[in-house]
Every structure is written in C-alpha cells, then in structure tokens.
Amino acid sequence: MSRTAFGYLAAFLLLLAAPFALYPVLLMKVLCFALFACAFNLLLGYTGLLSFGHAAFFGVAAYIAGHALKVWGVPAPLGLLLGSAAAAALGWVIGSLAIRRQGIYFAMITLALAQMLYFVFVQMPFTGAEDGLQGVPRGSLFGLVDLDEDLNLYYFVLAVFIFGFWLIHRTIHSPFGQILKAIRENEARAVSLGYDVAKYKLLAFVISAGLAGLAGATKVLVFKFATLTDAHWNTSGEVVLMTLLGGMGTVLGPVVGASIIVLLQDELADKVGSLVTVIMGVIFVVCVLAFRRGIVGELRALHGRLTGNRR
C-alpha cells in the first residue's frame with residue numbers, strides 16, 4: 001500500500017471515530033465547508049479562475065433543497081440532487097457569461113451576478129427573505145435510516161463528502177484535469193495545441209458549481225434552515241480564505257483550511273463576537289505574506305527540501 005493510500009485510509013478511520021469524541025453537528029459543518037472549499041479549489045487552484053460569487057451556488061442549492069424537502073416532501077438524497085442540479089444549471093448560465101473575460105474582470109462578473117441573485121432571494125417569497133427558510137425536515141434515508149439522529153446524519157454527510165472529494169480527486173488526476181492545469185499555466189499554449197479552452201473552462205465551472213451546491217444542500221440538511229448568509233458575498237470571501245489558508249492547488253489544502261476556519265469561528269464566536277471577522281482578515285493577511293502556498297503547500301515544499309525532491 002502506498003503512503004497516499006495509507007494516509008487516506010487513516011483519515012477515513014479517524015472520521016469514522018470522530019463523532020464519538022467531538023460534537024457531530026460541528027463535524028458535519030466542517031465537512032460541508034470542506035467540500036465547498038474543495039469545489040472552489042477545482043476552479044481556482046487547478047483552472048486558474050478566481051470566482052468571487054461562489055456563494056451563489058452554495059445558496060441556490062440550499063434554498064432549492066430546503067424547499068424540496070419541506071414543501072414537496074422529497075427524500076433527502078433527492079433533495080440534495082435537486083439542489084446540486086440547480087447549482088450546476090446556474091453555474092452554466094453564469095459561467096457562459098463570465099468566461100468571456102479573464103482576470104479581475106472574470107472575478108467582478110461573478111461577484112456582480114452573485115449579488116444580483118442575492119437580492120432576488122431577498123424578494124422571493126419561498127426563501128422567507130430575512131427570516132430564512134426554516135423548519136426543513138431531515139427525513140429518512142430510503143425509509144430505513146432516521147436522519148433526525150445526529151449520528152446517523154453524520155455518516156450520511158460523511159458519505160456525501162467522500163463522494164464529492166473522490167469526484168474532485170478523479171477529475172484532477174484525469175486527462176481533463178491535466179488540460180485544466182495546462183490552461184492555468186499557459187492558456188495561449190493550450191489554445192495553440194488545439195484545445196477549446198472556453199469549453200474546458202465552462203465545464204470546470206459547472207462541475208465546481210454543482211459540487212458547491214451539493215455542499216450547500218447538505219448544510220441545509222444538517223442545520224434545518226437556509227438563510228441569506230448562505231448566498232452573501234461574505235461566504236464567497238470565506239471560501240477564498242479557506243482555500244488560500246490550506247493551500248491552493250493541493251488536494252487536501254481546502255479541507256485543512258476549512259477545518260481551521262470553521263473551528264476558529266466556533267471557538268471565537270462567543271468570546272469576541274463580531275471581532276471574528278477582523279481575526280479572519282488578519283489570518284488572511286498573514287497567510288498571503290508569510291506562507292503564500294498555504295499550510296499544505298508549505299509542508300509539501302518542506303518535505304521536498306528534506307527528501308531532496310524539489311519537483
């Protein structure tokens with residue numbers, strides 16, 4: 001067994017045992033945002049596209065899944081599927097417009113369209129406006145497993161996270177993923193080699209949006225409500241911070257970054273109140289100035305120097 005496979009197996013076993021030592025709901029929140037950050041990293045770290053509006057996909061999936069579970073009474077897996085599909089469809093619409101531009105213009109287009117959608121959520125009756133969509137039932141899994149039990153729901157959320165993480169890992173290490181990396185490194189050269197760069201960018205955007213939506217829909221299942229915060233630009237900023245802190249362009253970096261940010265917010269919320277935002281800003285500045293490759297990126301570079309592998 002390779003070191004990588006052994007590491008993944010050890011992490012899986014730790015996650016299986018984690019709810020017996022830590023609060024399951026907090027762990028589920030970490031898993032949701034870790035999946036969100038991994039989805040964002042697929043776009044930024046491996047395609048080189050900085051989106052400032054990824055909360056739009058997180059939020060729209062949360063509202064669609066919550067509405068489907070509460071009003072239509074669909075099973076939990078179908079609710080997650082509907083939310084993810086809505087996010088992917090929205091990703092296709094926004095991506096089709098945004099990929100026409102590059103750099104800061106791409107980022108500003110995604111931010112502007114996401115804010116437009118945010119104000120739509122404020123006005124739509126089914127979202128509950130500022131009160132949010134509350135009382136979303138967790139239901140059961142195929143009528144056999146009661147998801148109202150936190151422990152049962154934790155293992156369901158863990159299965160969703162593993163599926164999303166596997167899909168991202170498989171995408172990154174496929175020929176499609178290699179083309180995305182080529183576009184990130186030198187887009188002009190990828191064009192000269194005959195690749196339809198716009199098509200690959202759009203497909204990466206849609207996959208990223210769909211998985212971000214899966215994270216948002218799962219989060220609604222955990223907390224039983226969806227609010228405007230899910231679609232606010234602050235959430236987009238948080239996922240950027242998670243990705244940069246953990247390590248942009250690394251497989252595990254977003255998971256590490258999301259875990260640190262969520263746990264810090266949970267620990268500091270009652271102690272410092274609104275100063276949490278200031279602390280997050282300080283962490284972002286320190287990350288950019290001191291270790292630009294992120295925690296996992298710096299550890300990987302250190303390991304390379306110690307073993308003589310400077311790749």
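Residues numbered from 1 in each chain as written. Predicted model: local features only at pLDDT ≥ 70, side-chain atom pairs only at ≥ 80, totals over all residues. Heavy atoms only, no water.

*Asks:* When you look at the overall build of the protein in this model, what are you seeing that I'm missing?
*Replies:* For the protein, the helix and strand inventory stands at 13 helices and 2 strands. In terms of overall dimensions, the protein is globule-like: its C-alpha atoms have a radius of gyration of 19 Å, near the 19 Å expected for 311 residues. Across the 311 residues of the protein, 49% fall into the buried class. Surface exposure of the protein reaches about 15,300 Å², of which carbon and sulfur atoms provide 67%. Computed over 21 positive and 15 negative side-chain charges, the inter-centroid distance for the protein is 16 Å. (Helix = DSSP H or I, 4+ residues; strand = E, 2+ residues; numbered from the N terminus. Rg over C-alpha atoms; globule rule 2.2 N^0.38 Å. Buried < 20%, exposed > 50% of the residue type's maximum accessible area, 1.4 Å probe, protein only. Areas by Shrake-Rupley, 256 points an atom, 1.4 Å probe, with all protein chains shown as cover. Lys, Arg positive; Asp, Glu negative; His and termini not counted. Charge placed at Lys NZ, Arg CZ, Asp CG, Glu CD.)

*Asks:* Honestly, the packing of aromatic side chains in this entry has me stumped. Any pointers?
*Replies:* Each aromatic ring pair is specified by the distance between its two centres and by the angle formed by the two planes. A full pass over the atoms with the stated rule returns 14 aromatic pairs. Ring centres of Phe-36 and Phe-58 lie 4.5 Å apart, and the angle between their planes is 25 degrees; on these two criteria the pair is classed as stacked. Taken together, the positions of Phe-36 in helix H2 (residues 24-47) and Phe-58 in helix H3 (residues 55-72) put the pair 22 residues apart, joining distant regions of the chain. Relative accessible area serves as the criterion here: at 0%, Phe-58 is assigned to the buried category. The interplanar angle of 50 degrees and the centroid separation of 6.2 Å between the aromatic rings of Phe-223 and Phe-225 together place this pair among those described as tilted. Assessed through its relative accessible area of 31%, Phe-225 is described here as partly exposed. Following the ring pairs from residue to residue traces out a cluster consisting of Tyr-8, Phe-161 and Phe-165. The ring of Tyr-200 has Lys-199 sitting right over it, with the charged end atom 5.5 Å from the ring centre. (Phe/Tyr/Trp six-rings, centres within 6.5 Å; stacked < 30°, edge-to-face > 60°. Lys NZ or Arg CZ within 6 Å of the ring centre and 35° of its normal.)

*Asks:* It is not clear to me how the environment of Gly-213 should be interpreted in this structure. Could you clarify?
*Replies:* Inspection of the secondary structure puts Gly-213 in helix H9 (residues 197-223). Other than its neighbours up to four places away in sequence, Gly-213 contacts Phe-57, Ala-61, Ser-84 and Ala-87. (Contact = heavy atoms within 4.5 Å.)

*Asks:* Quick question: what am I supposed to make of the layout of surface pockets here?
*Replies:* Considered as a void within the structure, the second largest pocket measures approximately 760 Å³ in volume. Along the walls of the second largest pocket sit 30 residues, with Asn-234, Thr-235, Gly-237, Glu-238 and Gln-265 positioned nearest its centre. Mapped onto the lining of the second largest pocket, the elements with two or more residues apiece are H2, helix H10 (233-246) and helix H12 (275-290). Along the lines of polarity and charge, the residues of the lining of the second largest pocket split into 14 nonpolar, 12 polar and 4 charged. (1 Å grid on protein atoms, 1.4 Å probe; cavity = no way out; pocket = protein on both sides within 12 Å on 5 of 7 lines; lining within 4 Å. Points joined across faces, edges and corners; volume = space filled by probe spheres on them. Nonpolar A, V, L, I, M, F, W, Y, C, P; charged D, E, K, R; others polar.)

*Asks:* Got a minute to help me understand the side chain of Ser-84 in this structure?
*Replies:* Structurally, the position occupied by Ser-84 is in helix H4 (residues 76-98). Contact partners of Ser-84, with chain neighbours within four places excluded, come to Ala-61, Gly-210, Gly-213 and Leu-214.

*Asks:* Sorry if this is basic, but what is going on with the pattern of salt bridges here?
*Replies:* Should their charged atoms come close, side chains of opposite charge can pair. In the structure shown here, the tally under the stated rule is 6 salt bridges. A salt bridge links Arg-293 to Glu-298; the nearest nitrogen and oxygen atoms lie 3.4 Å apart. (Salt bridge = Lys/Arg side-chain N within 4 Å of Asp/Glu carboxyl O.)

*Asks:* Would you explain H9 in this entry?
*Replies:* Because an α-helix completes one turn every 3.6 residues, residues spaced three or four positions apart along the sequence face the same direction. End to end, H9 covers 39 Å across 27 residues, agreeing with the expected 39 Å (1.5 Å per residue, within 8%). Taking burial as the measure, the 27 residues of H9 include 22 buried ones, the bulk of the element. Lys-224 sits one or two residues past H9 and shows a positive phi near 65 degrees. (Expected span 1.5 Å × (residues − 1).)

*Asks:* For this particular structure, what's the right way to read the side chain of Thr-243?
*Replies:* If you trace the backbone, Thr-243 turns up in helix H10. Residue Thr-243 is classed as buried on the basis of its relative accessible area of 0%. With near-sequence residues (within four places) excluded, Thr-243 lies in contact with Ala-37, Phe-40, Asn-41 and Met-248.

*Asks:* Sorry if this is basic, but what is going on with unusual backbone geometry here?
*Replies:* Across residues other than glycine, the phi torsion is negative in most instances, and most of the peptide bonds are trans. Phi at Ala-129 is positive, roughly 50 degrees, even though this residue is not glycine. Among the secondary structure elements, Ala-129 is positioned in the loop between helix H5 (103-123) and strand E1 (140-141). The residue Lys-224 is not glycine, and still its phi comes out positive at about 65 degrees.

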